[in-house]
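Each chain is listed here by its residues.
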Amino acid sequence: MSDLRRLVLHTGSHECPVVVGAGALREVAEELVEWSRGRTVFVLSSPPLRELQAHLIESLAIEAAAVRSIWVPDGESAKTLQVAGEVWSEMLRQGGKRDSRLIAIGGGTVGDLGGFVAACFLRGIEVVQVPTTLLAQVDASVGGKTAVDLPEGKNTVGAFHDPTLVVSDTEVLRTLDRGEIRSGLVEVIKMAALLDPEQLDRVEDKLDLLLAGDAKALAPVVADAVATKIRVVEEDPFERDQRRLLNFGHTLGHALEAALGYEGLRHGEAVAYGILFAMRLARRRSLPEADEARIRSLLARLEVPPLPEVDPSAVLLAMQRDKKAREGRLAWVLPTRIGGAEIVEDLSPSEVETELRVFLDTPQPV
């Protein structure tokens, strides 16, 4: 029996299939060939994925008018306006047209850049996302949010642009190191803690296999995370209400990344500290101690690296520039219990600053 699942995200008149599981790339090979028929196809990826890119190009070349490789840096350094401009220029030089296609193969940074490039090139071309990290498979590739960074903040220039197809093959996760798996699992825990308590049970039970990159263990976890995100995105496609719950841990997490110059912590690791801080704020309101302890214990089992020394003033400044702020008010996603949360916008800046300085001065058990 196949472990593959085919989920569908509906946003208005658009449908985006998401194929998840071990062997997903083989499953959709004919679809991708047909989608490429007679078109110029640009395959955007980073150098560590040369082998996967070469295999995909070989199969697409059967029917495509042309297949062109475009290489971008690995990691957050790919997500800049300069790199996006270089990619657009290369696409024009290589004969890109309004009916050209783009495939983004890589982690969340390549996916974000690729989606943004596709959204803007000649006012929009079709894109297929092939996420190759757990973080990208469970979060970044689904929902149509694309962006690049500015020095002042993460994901501050972007657009909503739904992919034509997302292919999340859990077999490619075997090559990831433990840190990358850990980073993705934080995002799984983030969603499960607020929106899917049964998923939280599964992660607790199978954590050792998941951290080892076991494709069969990861497949249902990825699929369930995608299903949860689809449900939320369909209810709130442009992040005006309940989709903001997916930002649990991200208000501080993004600020830490910016203040650290996007070095020293992976995205998921920064979010783990963001979750801990959000729970600190939530405990002052209504979060039961037992629920906080459960999430904290699960994060501790991931063995997240220590928080690097960071200037609290730089973190506070980065939070003020957060793209999710509404006219100077930060929206905090605070859990009320396992399976529940509230979006809080009445925390005073002085309260946040006081709690943050204490938090950053206190060693965190993660």
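Predicted, not measured: the structure shown is a model, and the values here were computed from it. (Residues numbered from 1 in each chain as written. Predicted model: local features only at pLDDT ≥ 70, side-chain atom pairs only at ≥ 80, totals over all residues. Heavy atoms only, no water.)

Draft legend 1. Region of the structure containing the packing of helix H11 (residues 267-283) against helix H12 (residues 289-301). Relative to each other, H11 and H12 sit at 170°, their axes nearing to 11 Å. Between H11 and H12, the angle is such that the two are roughly antiparallel. In contact with Ala 272, Ile 275, Leu 276, Met 279 and Arg 283 of H11, H12 contributes Glu 289, Glu 292, Ile 295, Arg 296 and Leu 299. Taken together, the residues of the contact of H11 with H12 sort by class into six nonpolar, no polar and four charged. (Axes fitted to C-alpha atoms, helices over the stretch in contact; angles between N-to-C directions. Helix = DSSP H or I, 4+ residues; strand = E, 2+ residues; numbered from the N terminus. Parallel < 35°, antiparallel > 145°, perpendicular 65-115°, else oblique. Contact = heavy atoms within 4.5 Å. Nonpolar A, V, L, I, M, F, W, Y, C, P; charged D, E, K, R; others polar.)

Draft legend 2. Main features of the side chain of Ser 183. The topology assignment puts Ser 183 in helix H7 (residues 178-195). Ser 183 sits in the buried class, given a relative accessible area of 1%. In this structure Ser 183 touches Leu 135, Arg 266, His 267, Gly 268 and Glu 269, once residues within four positions along its chain are discounted. (Buried < 20%, exposed > 50% of the residue type's maximum accessible area, 1.4 Å probe, protein only.)

Draft legend 3. Local environment of the confidence of the model for the protein. Confidence along the protein averages 91 in pLDDT terms, with 97% of residues attaining 70 or more. No element of the protein has a lower mean pLDDT than helix H3 (residues 50-60), which averages 86, and none a higher one than helix H4 (residues 81-93), which averages 97. (pLDDT = per-residue confidence, 0-100.)

Draft legend 4. How the structure looks around the packing of aromatic side chains. Scanning the entire structure with this criterion turns up three aromatic pairs. Geometrically, the ring pair formed by Trp 88 and Phe 116 is tilted, given 5.7 Å between the ring centres and 50° between the ring planes. Of this pair, Trp 88 sits in helix H4 while Phe 116 sits in helix H5 (residues 108-120), and the two are 28 residues apart along the sequence. Note on Trp 88: relative accessible area 22%, which makes it partly exposed. The exposure class of Phe 116 is buried, given its relative accessible area of 5%. Through successive ring pairs, a cluster of aromatic residues spans Phe 277, Trp 332 and Phe 359. Against the face of Trp 71 rests Arg 50, its NZ or CZ located 4.4 Å from the ring centre. (Phe/Tyr/Trp six-rings, centres within 6.5 Å; stacked < 30°, edge-to-face > 60°. Lys NZ or Arg CZ within 6 Å of the ring centre and 35° of its normal.)

Draft legend 5. How the structure looks around the sheet that holds strand E9 (residues 165-169). If you walk across this open sheet you meet the seven strands as E1-E2-E9-E6-E5-E3-E4, and the pairing is mixed. Looking at which strands have only one partner, the edges of the open sheet turn out to be strand E1 (5-11) and strand E4 (66-71). The average undirected angle you get between the axes of adjacent strands in this sheet is 15°. Two strands pair when backbone bridges link them, and E1 and strand E2 (residues 14-21) are joined in this way by seven bridges, in the antiparallel orientation. Opposite Leu 7, over in E2, you have Val 18 as the bridge partner. The strands touched by H3 are strand E3 (40-45), E4 and strand E5 (101-106); relative to E4, the strand with the most contacts, the crossing angle is about 165°. Each of E1 and E2 touches helix H9 (residues 215-235); the most contacted strand, E1, lies at about 15° to it. (Pairing = 2+ DSSP bridges.)

Draft legend 6. View of the pairing of strand E6 (residues 126-131). Counted residue by residue, E6 has five buried out of six residues, so it is predominantly covered. In terms of strand pairing, E5 meets E6 through six bridges, oriented parallel. The partner of Arg 101 across the bridge, within E6, is Glu 126. You can see the chain leave E5, run along H5 and come back into E6, and the turn it takes is right-handed. When E6 meets E9, the two strands line up parallel, connected through two bridges. Looking at the pairing, Gln 129 lines up with Val 166 of E9. (Right-handed = clockwise from strand over helix to strand, strands pointing away.)

Draft legend 7. Quick look at H9. The end-to-end C-alpha distance of H9, which contains 21 residues, comes to 30 Å, matching closely the 30 Å that a straight helix rising 1.5 Å per residue would cover. Most of H9 sits inside the fold, with 15 of its 21 residues counted as buried. By the N-cap criterion, in which a side-chain oxygen at the helix start approaches the backbone nitrogen of a residue two or three places on, H9 is capped by Asp 214, the distance to Lys 216 being 3.1 Å. (Expected span 1.5 Å × (residues − 1). Polar contact = N/O pair within 3.5 Å; in protein donor to acceptor, adjacent residues only side chain to side chain.)

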